[in-house]
Structures are given as C-alpha cells and as structure tokens.
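# Secondary and tertiary structure notes
This is what each chain is made of:
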Amino acid sequence: MSAADPYDAIVVGSGAGGGMATWALARAGLRVALVEAGPWYDPADEAQRTQFRYPWESPRRGASTRLRPFGDFNACIGGWELDGEPFTTADDTDFMWWRARMLGGRTNHWGRISLRFGPLDFKRRDSDGLGDNWPIGYEDLKPWYDKVDKLVGVFGTNEGLPNDPDGFFLPPPKPRLHELYYIRSARRAGIPVYPSRLSILTKRINKERGVCVYCRQCSRACGLHADFSSSTVLIYPAVATGRVDVYSNTMVRKVDTGADGRATGVSCIDRENRRELRLNGRTVVLAASACSSARILLNSISARHASGLGNSSGHVGRYLHDSTGASRAAFLPELMDRDIYNEDGVGGMHVYTPWWLEDTQLDFARGYHLEIGGGMNMPSYGFGFAANQYKRFLGERVGGYGNGLRDDIRRFYGSRLSIACRGESVPQYGNYCELDPNVVDEWGIPALRFHYRWTEQEINQARHMQDTMEELLEAAGGVLLGDKPGPEREYGLTRPGEIIHEVGTTRMGDDPATSVTNRFGQLHDADNVFVADAGTFVSQADKNPTWTILALAWRTSEHIVEQMRQRNL
Amino acid sequence: MNKTSRREALKSLLLAPLAAGLASATGCAAGGAVNWNELPREYSYGRTGAERQRDRKLFAETYFSEHELVAIAVLCDIILPSDHPNGGALDAGLPEFVEFIVKDRGNLKLPVRGGIAWLDSYAIGEFGADFANIGEAQRLVICDRIAWPDVEDPALQPGIRFFSLMRDLTLTGYYTTEQGFRDLGYQGNVANVWDGVPEQTLARHGLRYEPEWLEKCVDQSRRDIIASWDDDMNLTS
C-alpha cells in the first residue's frame, strides 16, 4: 500500500483508548495507521527492561528524573515537564499536565486499578443537581465492561455493591500484613473494605500472556505481560494481524479536512528527522489523551471549522477535570521489628475501600475511595531518610551515627501504613484548556494554556478525606505522621492534574450545542472523526478512568465498523 | 586527571592523616588500608538515548574538590563504619554515590558544599584544623554535637542540618547496595507465588485471615488453568 492510499482508520495515540481502537478495528479487518508520539516499547525487550532490576543497577538508585517522575525504574517515559513541549497556565489558576511519550502511553505506569463506573456515576446530576448526566448509562456500557474484563483480565470480587458493579474477575491475592491491620481498623471504624480490583493476572487468561509472579513492579511494566499495558495486551496482537502500520516518534499536528468539512487524514511531524508527514484516512480516531486530543482539534482550523474541528459549540477543552486526592500516613508500633519475608505481592494494594457514604448528607458532592499502602518495599533512593524519626514516639532520641543506625533501620522497616484518597470533582465549564496564542512547542504546534480552579466542593471533600484517614489510621493503632493539613493548605488537596485522571475536554452529549461528540464519541461536526480517550467523559466518578476508556473505545470502534458496513462512513 | 587516578588520589589522601587517627575512624585500624569499593561507571537498565547522554554528562562533571570528597568520605565512614560483618559506607562505595547523587539532584549541591565549609570552619575554630585533619576523637566530639536534631543551640543549626543530610544520603546509599540488602535481610525482587502472610507471623501479631475473605482469594494451585466464567460472573476454572 502506498502512503497516498487512505487507511480505513488513523488512530492517534497508543494508550488505553488508542490501543483498544487499534486492536478492535484491525481485528474487524480494517487497515489501521497507529500514530504514537514516542518510541516503540516492549518491557520484554532486554534493552528496555527495568523490571527485576536492583537499585544498585542505577547510579541514582531509582530516584526520579524529569523524564521519569515516578522513579528511574518506572516504565513510563514522560512527565509533567517535557523538553521542547511547554504548556502555560492562566493567571491565578493551576494545572499540571502529564504526558507520556512511548508506545502504550501512560498504561505503562498506571496503578492497574480497574474500576467500572456504577449506575449513579453516569447520572450524577440526578442525584446532586450539579454538572450534567452522561447521555448513556451503566446498562449501555455494561456489555463492554464485561468484554474488557475477559479480554484484559482483572482480579477482584463480586460484592453486589450498588455503585461498584460486579465483574468477570480473576481471584484476588491474599492481603499483606499491613493490609490486615487496615482491615481490622476499617472493621472497627465501621467502614467497608474489600479486595482491590487490579488488572493483573493472578490466573492465566490465555496462552500468550504470563501469570503474575508477585514482584510488585507493575509500574516497571511486566516482561511476562501479566499486567495490563496497552502495548502488551492490545497493540502487539493488533500488529500481528498484519493490518496495522505503527508510526512511532510521530506527533500529530492537526486533522486535515476537505471542502465538505469531513476528515481526510492527519498532518504530523516525524520527531526524529523533523520531516512533515501526511497520512490519509477514511476515519480518524483521536486517543492522544484528553488534553492532547482537544489540542489537535483546536489546532485543526479550516474555513469550515473556523474555531477548530468539532468546536462549533465552543466546548472543546471545556469541562476539563481531574480526580481529587489527599493522603496521610502513620507509624504502627505493632509493626516494629517485623519478621522479614518476601511480601512484594502484586504491583499495588491488595485491599481497598470504595465510597461508602452515598446516602449521607455531607457538605460536598460526590465521593472518594481509599487506596492502602505500606509493607516491606524494596529499598530505593529515599530509603533510610529520617531513618529513626519514629524513635520520638517511643521517647527515645532521634539522630546519631554508627552501627546503631542499622538496628534502627531494621526495627522500623515496614512499620508504616498509608492511605491515599481519590475522589470525584464537579466538572466546571470555567475549567478548560485552549491554544495559547503566544507559545508554540518545538514542532510549531501551539501550546495549551490551562485555566483550572478547584471549588468549595473539592476542598470540603478533602477535609472529609483527612478526617477519614485520621480515624482509620488511629483505629489501626497508628501514630499519625506529619501535621493534618488545614484550610490554609486546602486540606492537602492535590493540585489539578496531579492525579493524572484528566478528562472531559471533548465531552459526549445528545445536544451539539453543549457537547463535542455524540454518545459514540463521534464528532457532531465531522462524522468520520472520533474521540476514544477520556475526553468524552461527562464526569469522572471517583474511579480510575482506564476501564471506562477501554469499554468506551471498544464500543466506539464497533460503532465505526458497523457504520462502515452500512456505508455510512 | 581521569576518574581512576582521581579515586586513587583520594584514597591516598584518606590514608595520609593516619597519625591523626583516621585509620581507626574508618574501621581499618588493623590493616591500615582504606577500604573504598568503587562503583561502576557504566549502567544498563533500559535507558533511552537521552537518559544515557545525561548520565554520561553527570559522570564527566567535576563538582567536588578532592578536599570535599575526603570530607564526605570521612563523614560517611563515621555514620556507617566498616567494622561490621556487612561492611560499611566505604565498602559500599558511598563517597562516589554521594558525589553522583548531589550532581544529579542539583538542589543538594549547595547544602553539601556549604555544609562541608561550615564543618571545616567549626573544626578550625574548635581544634585548629579542618574536619579531615583533626584527630578522630576530636571529630567525634564535633559529631556528638551535631548528630542530634533535638539540640537547640542556634550556633550549631547549620551543622545539625548538614549532618542529618549526610546521614540520609549515607543510609540511602548503603541500603541500596548488595551490602545494604544483606544488612536489612531484604527478601523480595524475585519471581515467586505470594500465598499470604506466614502463619507464625500472623500468630505473632495476633491476626488471622477472615475465612470469608480467604475463600475469595486465589487458589495458587490453579493459577495456570485458563480462566473461564459462567454467565453469572462466577469463575468456573
């Protein structure tokens, strides 16, 4: 096939949404171009492997760098600051914009927490009168969640909870010691706790992928392909069909449109040789991440689309929202002088607490879930800092030098229990990204300018998070560490963008005046352009977005195939 | 001077003030040799080209003077001496790790340089020579004054901050080496099949698994059997 022949579909971005679209479209027989801004990646490739490395294999012992903000061994190449790719924030507002630059995108570093949205999550306006309902409901997405569970694999348990739906789960691993302390404390506090739900294979799901070997390093991406990364689970099988061309190290500048306003392909730049490249396609599927896809649309200006493609409503970039977050930790004297054994477990928590106060009158909208941390982690840079600070709680003197420090290290190893909360914010029309007229990146693409402020809802929610964490950590027998953040620090509320769950910039809806895509992620303004990332989310729930991105992207892909069959595309 | 000869020079500098008692401070009183294990200069752990380039630049950069590196080595050695079966800071290559991480972090450069200068100035004031060139007992007198963060003497605060920083860097550097793993008894980072907290540990903590919870957990003897479900979402394999 020559470059001039149109692809059936051009997929922009190779994360959860782009990977799923590529896989589903190629599997249906379509010829697909997958365009990824970063390099090809496979954690099984020795040259790219970071799994099962020891800290001394890194001169900085796993400390973070700008390119790997979650540590030197983290699989994900990207960050909040990228050389040559600036973004700006408007006066008095705040946003941290994370971007991954590699095959598989941020699925290479995410926590594998895989939560379905529940029936209430799609219809939040009905329960609290704020924001908007999704045009679809849980029943529309349930069949797709079911398929995603079986295709990708997720462990968890069916608990029959009203807003945390059951699924086709693999069995969960047994809790670790600190998690047993958490379970006991949650029982004491009357707060529910369940096995966590992570897309890690505790049991074989096919012959191609391995089974978890409990190294706790999913964040380094699994060489056995026993966790979910878009590359591992979706892109390699898609490429194996022979119908996918992967354009790596290629940045999409804009979607090209014809006189009829429909897309004809995409204009890109090869990042390695700085050559311009044009790809022709019958359809374009944007899955570059919520803000990147919005940026591409806003930059796709033409006579027919004067304010950017898909932006006749002025809604591209609007309703940008991220999860809320707060965290706290405690020292558990009962966990001093532990028996030392291998308790790595899976790459994340084995237990968690979903939102449990749905029907309670509170001074904030929406809810949050609790993620549990602790245990005998592998030492890396930072281990041993403030080594014997807990002695203060035992009435002993902190500090010193000499071999006694060795005893302190062993005595306090694994004696910390931490909780992180992740909550739902209320989407705001006034929180948005737009093209900054004054700044371009090194490829000449206008940079994004962010406008984002939390509201009282999120700040009040963070206060509640702090009270909950304090109650649970104390019930676990813990001595709280650090000060409890008060109103002067917005109760420890994380910064917008910090949780890396940004969604909503191309939200779906039935009314073209107040939404960017229809309920299938299809642009109201150009029927052969689709969005398959979290940009289409009307609201983010307190759940991690990946499972919903996967379900929506699969649904959108089947819609594309069906529309092509009916000759509508 | 290339890196190897620089290290050799530093070792001889460490050996030089033997009379002043450094040998025993480094836990090498018997042999008299300074035990300074070297760290590798080449690393391979899934780096991109840009990362390799940055690390090469960092290795090539000279930030600390030899005098400063000796001061770092002496401090690391006091914090975690070598007179221990699992080795100490110098066995674990600490001075080189501190040198690298300070260049890498950037924001540590000033605190470490300024801290050494403070320490030298204080040692000269108290004992008439900089920190590396006073006697072992004199060094320990100073350390006893600055190793405890609860000391409130305002004049000592810069030294206390610096010593705490050096303790952090020394411990983190040591416990991220093979010696440190041995010292800690760390058991992880190997492929295994997690099947819960050991019985004797549960007993020690007076905890047990709730039977209903345990029932839901993975049966590790069936982990290799491909998963299948009935229509009601029950696992059947």
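For the structure given in this document, a descriptive report is provided here. (Residues numbered from 1 in each chain as written. Chains lettered and ligands numbered in written order. Predicted model: local features only at pLDDT ≥ 70, side-chain atom pairs only at ≥ 80, totals over all residues. Heavy atoms only, no water.)

## What about the overall build of chain B?
Scanning chain B from N- to C-terminus turns up 11 helices and 0 strands. What you see in chain B, going N to C, is helices and strands ordered as α-α-α-α-α-α-α-α-α-α-α. When each of the 237 residues of chain B is scored for burial, the buried share is 54%. Sequence-distant contacts, at least 24 apart, represent 61% of the contacts inside chain B between residues at least 6 apart. Carbon and sulfur atoms form 52% of the exposed surface of chain B, whose accessible area is close to 10,600 Å². (Helix = DSSP H or I, 4+ residues; strand = E, 2+ residues; numbered from the N terminus. Buried < 20%, exposed > 50% of the residue type's maximum accessible area, 1.4 Å probe, protein only. Contact = heavy atoms within 4.5 Å. Areas by Shrake-Rupley, 256 points an atom, 1.4 Å probe, with all protein chains shown as cover.)

## Section: the pairing of strand 10 (residues 276-280) of chain A
Residue and element names in this part refer to chain A. As paired strands, strand 9 (residues 263-270) and strand 10 are joined by 5 bridges and run antiparallel to one another. Bridging across to strand 10, I269 finds its partner in E276. Remark: 5 residues form the turn of the hairpin made by strand 9 and strand 10, two consecutive strands paired antiparallel; R274 in that turn has positive phi of roughly 60°. (Pairing = 2+ DSSP bridges.)

## Considering the pattern of salt bridges
Where charged atoms from two side chains of opposite charge come close, those side chains can pair. Scanning the entire structure with this criterion turns up 62 salt bridges over all chains. In this structure, D183 of chain B engages R410 of chain A in a salt bridge whose closest nitrogen and oxygen atoms are separated by 3.2 Å. Residue D183 of chain B is found in helix 9 (residues 178-184), and its partner R410 of chain A is found in helix 7 (residues 404-412); the two belong to separate chains. Classification of R410 of chain A as partly exposed rests on a relative accessible area of 28%. (Salt bridge = Lys/Arg side-chain N within 4 Å of Asp/Glu carboxyl O.)

## Quick word on helix 7 of chain A
When helix 7 of chain A is considered as a whole, its buried residues turn out to be L405, R406, D408, I409, R411 and F412 of chain A. The elements touched by buried residues of helix 7 of chain A are strand 12 (324-331) of chain A together with helix 4 (66-79), helix 8 (157-174) and helix 9 of chain B. Looking one or two residues past helix 7 of chain A, G414 of chain A carries a phi angle of roughly 75°, positive in sign.

## Comments concerning the side chain of D441 of chain A
All names here are of chain A. Within the fold, D441 resides in the loop between strand 16 (432-440) and strand 17 (446-451). Among the polar contacts listed, one links the side chain of D441 to the side chain of R295, at a separation of 2.8 Å. Of the polar contacts made by the side chain of D441, one reaches the backbone nitrogen of W443; its length is 2.8 Å. (Polar contact = N/O pair within 3.5 Å; in protein donor to acceptor, adjacent residues only side chain to side chain.)

## Digging into the interface of chain A and chain B
With 98 residues of chain A at the contact, the number on the chain B side is 90 residues. Taking both partners together, chain A and chain B bury about 7,900 Å²; carbon and sulfur atoms supply 59% of that area. On the chain A side of the contact with chain B, K174, Y401 and R406 of chain A bury the most area, a combined 11% of that side's loss. Remark: the boundary between chain A and chain B carries 12 salt bridges. (Buried area = accessible area lost by both parts, 1.4 Å probe.)

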